[in-house]
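# Residue-level structure breakdown
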There are 2 protein chains.
Amino acid sequence: MIYYNHSDISSLEQRFRTNFVNSLSGFRSLNLIGTADLTNNENLAIFNSVFHVGANPAMLGMVIRPNGPEHGTLKNIISTKSFTINNVLKQFYKNAHQTSARYESSISEFTKCNLNSKYIDGFCAPFVAESSIQIGLILQEIIPIKANETTIIIGTIQHVFLNDLILKEDGFLDPMTAETITNCGLDAYYQCDLIARLSYAKPDLEIKLK
Amino acid sequence: MIYYNHSDISSLEQRFRTNFVNSLSGFRSLNLIGTADLTNNENLAIFNSVFHVGANPAMLGMVIRPNGPEHGTLKNIISTKSFTINNVLKQFYKNAHQTSARYESSISEFTKCNLNSKYIDGFCAPFVAESSIQIGLILQEIIPIKANETTIIIGTIQHVFLNDLILKEDGFLDPMTAETITNCGLDAYYQCDLIARLSYAKPDLEIKLK
């Protein structure tokens, strides 16, 4: 095996290091975050840091980098307290990737990247109409990470739209039916195949396929 | 599309809701977290909440639920300030899933789940010998989420072990060469196929395949 210690990693050339550290933790959730400012200028940004926080109340979190193109997302969430999380499908992954370009804040990534916004009454953040899972959240908590300039956003789920076939009998949302894809690092996109669903694990009980 | 609002989700039967909310955000990073207590009792727990925090200094974060079997992980990290993050391969995903059973704290999940621990000098947390990406971290920050009893742990990367072929020329760690798998929800495991790597996105420039 190759070995790197902390100072080996610090000494890596910057782009090499960014690729290296961003791909260390494996596959990542891939979503488009929709927001608007107080004058309804839309923003759409690709994120690979959404994580589960709790099921009751239903909450999701995500990490926002300090100076990236997703900075507009943070500003909009702070001012409107609203955002959407939308899954990425293979048929529009290039459009989703293009939202990471540094557009001016007055420009809508929906328009520039050929994706359609969808609005519902009483909620200012735009959903991605092409997504098969669309989640609307209100801001619950803003957590600055002291160690760098990164911010964690926690949102409470207010609205969920799903294509009908995705929901299974036990509440599981099948990501293959949803045609959700995943990513690794900054620019690699993957489609997935089910290996198996496994039974609930208990000590001294053999795991079964579901 | 089917629609659920906040109170629809709250009213769902508990297990159904847990499956539903846990699979909402799509595919998740899948890792085994290795720790030990001050008397070297080992602990190994499966996590699907590891996220990227920063590349320089290199930091990763993860979410720890309040009363789950991963509670031993949190206690050990607080007392020893050390933990490891190890990728999950298809050949041992059932063993990895079995670590989620509620074993007594004196029992090593390495032993019970047939995985081998690996130690290095000056670092008390065990790595998973079978993993092709093994990361050793020291505790950087503990962040309690106010909205529920969840805790976010931020760690700084100290040690990285990699199988030689995983590292590509530009620093990218190829998860398919690593044989890393992913998961969705609580119990569904997936293998992935590359769709494409894409060029850096800029306004008014067409994206190319890498």
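Thresholds applied
Residues numbered from 1 in each chain as written. Chains lettered and ligands numbered in written order. Predicted model: local features only at pLDDT ≥ 70, side-chain atom pairs only at ≥ 80, totals over all residues. Heavy atoms only, no water. Helix = DSSP H or I, 4+ residues; strand = E, 2+ residues; numbered from the N terminus. Rg over C-alpha atoms; globule rule 2.2 N^0.38 Å. Buried < 20%, exposed > 50% of the residue type's maximum accessible area, 1.4 Å probe, protein only. Contact = heavy atoms within 4.5 Å. Areas by Shrake-Rupley, 256 points an atom, 1.4 Å probe, with all protein chains shown as cover. Lys, Arg positive; Asp, Glu negative; His and termini not counted. Charge placed at Lys NZ, Arg CZ, Asp CG, Glu CD. Pairing = 2+ DSSP bridges. Axes fitted to C-alpha atoms, helices over the stretch in contact; angles between N-to-C directions. Least-squares fit on C-alpha atoms with pLDDT ≥ 70 in both. Disulfide = S-S within 2.5 Å. Buried area = accessible area lost by both parts, 1.4 Å probe. Salt bridge = Lys/Arg side-chain N within 4 Å of Asp/Glu carboxyl O. Phe/Tyr/Trp six-rings, centres within 6.5 Å; stacked < 30°, edge-to-face > 60°. Polar contact = N/O pair within 3.5 Å; in protein donor to acceptor, adjacent residues only side chain to side chain. Arc of directions from axis to C-beta.

### Quick word on the overall build of chain A
Scanning chain A from terminus to terminus reveals 5 helices and 12 strands. Taking 2.2 N^0.38 as the reference for a compact globule, 210 residues should give roughly 17 Å; the C-alpha atoms of chain A span a radius of gyration of 18 Å, in line with that estimate. If one aligns the C-alpha atoms of chain A with their principal axes, the spans along those axes are about 60 × 50 × 35 Å. The buried share of chain A, taken over its 210 residues, is 60%. A separation of at least 24 residues holds for 57% of the contacts in chain A among residues at least 6 apart in sequence. Surface summary for chain A: the accessible area is close to 8,500 Å², and the carbon and sulfur share equals 48%. Distance between charge centroids for chain A: 3 Å, based on 17 positive and 20 negative side chains.

### Topic: the sheet that holds strand 12 (residues 188-197) of chain A
An order of 11(A)-12(A)-12(B)-11(B) is seen for the 4 strands of this open sheet, with the pairing classed as antiparallel. Taken across any chain shown, the strands that pair with only one partner, and hence form the sheet edges, are strand 11 (182-184) of chain A together with strand 11 (182-184) of chain B. Here the strands of the sheet are splayed against their neighbours by 50° on average, with no regard to which way each runs. In this sheet, strand 12 of chain A lies alongside strand 11 of chain A in antiparallel orientation, the contact comprising 3 bridges. If you follow Cys-184 of chain A over to strand 12 of chain A, its bridge partner there is Ala-188 of chain A.

### Considerations on the relation of the copies chain A and chain B
The two copies are related by a screw operation: chain A maps onto chain B through 180° of rotation and 0.0 Å of translation along the axis, at an RMSD of 0.0 Å. Look at the turn and shift together and you get a two-fold axis relating the two. Distance from the rotation axis, computed per C-alpha, reaches its smallest value in chain A at Cys-192 of chain A: 2.1 Å. Comparing contact sets, 100% of the residues at the interface of chain A also lie at the interface in chain B, consistent with an isologous, same-surface contact.

### Some words on the state of the cysteines
Applying the stated criterion across every chain yields a total of 0 disulfides over all chains. Cys-192 of chain B carries a free sulfur, and the closest cysteine sulfur to it, the one in Cys-192 of chain A, is 3.1 Å from it.

### Section: the interface of chain A and chain B
Taken together, the contacts link 110 residues of chain A with 110 residues of chain B. In total, about 9,400 Å² of surface goes out of reach between chain A and chain B, with carbon and sulfur atoms giving 64% of it. Of all residues in chain A, the largest losses of buried area upon contact with chain B belong to Met-1, Phe-27 and Ile-195 of chain A, amounting jointly to 9% of the total for that side. A salt bridge links Asp-204 of chain B to Lys-112 of chain A; its shortest N-O distance comes to 3.7 Å. Per element, the largest residue contribution to the side of chain A that touches chain B is 10 residues, and it comes from strand 12 of chain A. Across 9 bridges, the pairing between strand 12 of chain A and strand 12 (residues 188-197) of chain B is antiparallel. Of the residues in strand 12 of chain B, the one forming a bridge with Tyr-189 of chain A is Ala-196 of chain B.

### A look at the packing of aromatic side chains
Within this structure, the stated rule accounts for 13 aromatic pairs over all chains. Where Phe-127 of chain A meets Phe-161 of chain A, the ring centres are 5.4 Å apart and the plane angle is 85°; that geometry is what we call edge-to-face. You can see Phe-127 of chain A sitting in strand 8 (residues 123-128) and its partner Phe-161 of chain A sitting in strand 10 (residues 151-162), a full 34 residues away along the chain. By relative accessible area, which is 0% here, Phe-127 of chain A ends up buried. Note on Phe-161 of chain A: relative accessible area 11%, which makes it buried. Taken together through their ring pairs, the aromatic side chains of Tyr-3 of chain A together with Phe-123, Phe-127 and Phe-161 of chain B make up a single cluster.

### Quick word on the side chain of Ser-49 of chain A
Relative to the helices and strands, Ser-49 of chain A is located in the loop between strand 3 (42-47) and strand 4 (51-55). Among the polar contacts made by the side chain of Ser-49 of chain A, one reaches the main-chain amide nitrogen of Val-63 of chain A at a distance of 3.0 Å.

### What to know about helix 3 (residues 71-80) of chain B
All names here are of chain B. All buried positions along helix 3 are accounted for by Thr-73, Leu-74, Asn-76, Ile-77 and Thr-80. The arc enclosing the buried residues of helix 3, seen along the axis, measures out at 165°, which places them on a common side. Two residues or fewer past helix 3, Lys-81 is found with a positive phi of approximately 60°.

### Considering the environment of Arg-102 of chain B
All names here are of chain B. Positionally, Arg-102 belongs in the loop between helix 4 (93-98) and helix 5 (109-112). For Arg-102, a relative accessible area of 51% puts it in the exposed group. Linking Arg-102 and Gly-68, residues 34 residues apart in sequence, is a C-alpha distance of 8.2 Å.

### Structural notes on the pattern of salt bridges
Taken as a whole and assessed by the stated rule, the structure comprises 8 salt bridges over all chains. The residue Arg-197 of chain A makes a salt bridge to Asp-187 of chain B at a minimum N-O spacing of 2.8 Å. Of the two residues, Arg-197 of chain A sits in strand 12 while Asp-187 of chain B sits in the loop between strand 11 and strand 12, which places them in two different chains. Note that Asp-170 of chain B and Arg-197 of chain B form a salt bridge whose closest N and O atoms lie 2.9 Å from each other. Of this pair, Asp-170 of chain B sits in the loop between strand 10 (151-162) and strand 11 while Arg-197 of chain B is found in strand 12, placing the two residues 27 residues apart along the sequence. For Asp-170 of chain B, a relative accessible area of 25% puts it in the partly exposed group.

### Considerations on the environment of Ile-207 of chain B
Along the polypeptide, Ile-207 of chain B turns up in the segment after strand 12. For Ile-207 of chain B, a relative accessible area of 14% gives the class buried. Not counting chain neighbours up to four residues away, the residues in contact with Ile-207 of chain B comprise Lys-94, His-97 and Gln-98 of chain A together with Leu-198 and Ser-199 of chain B.

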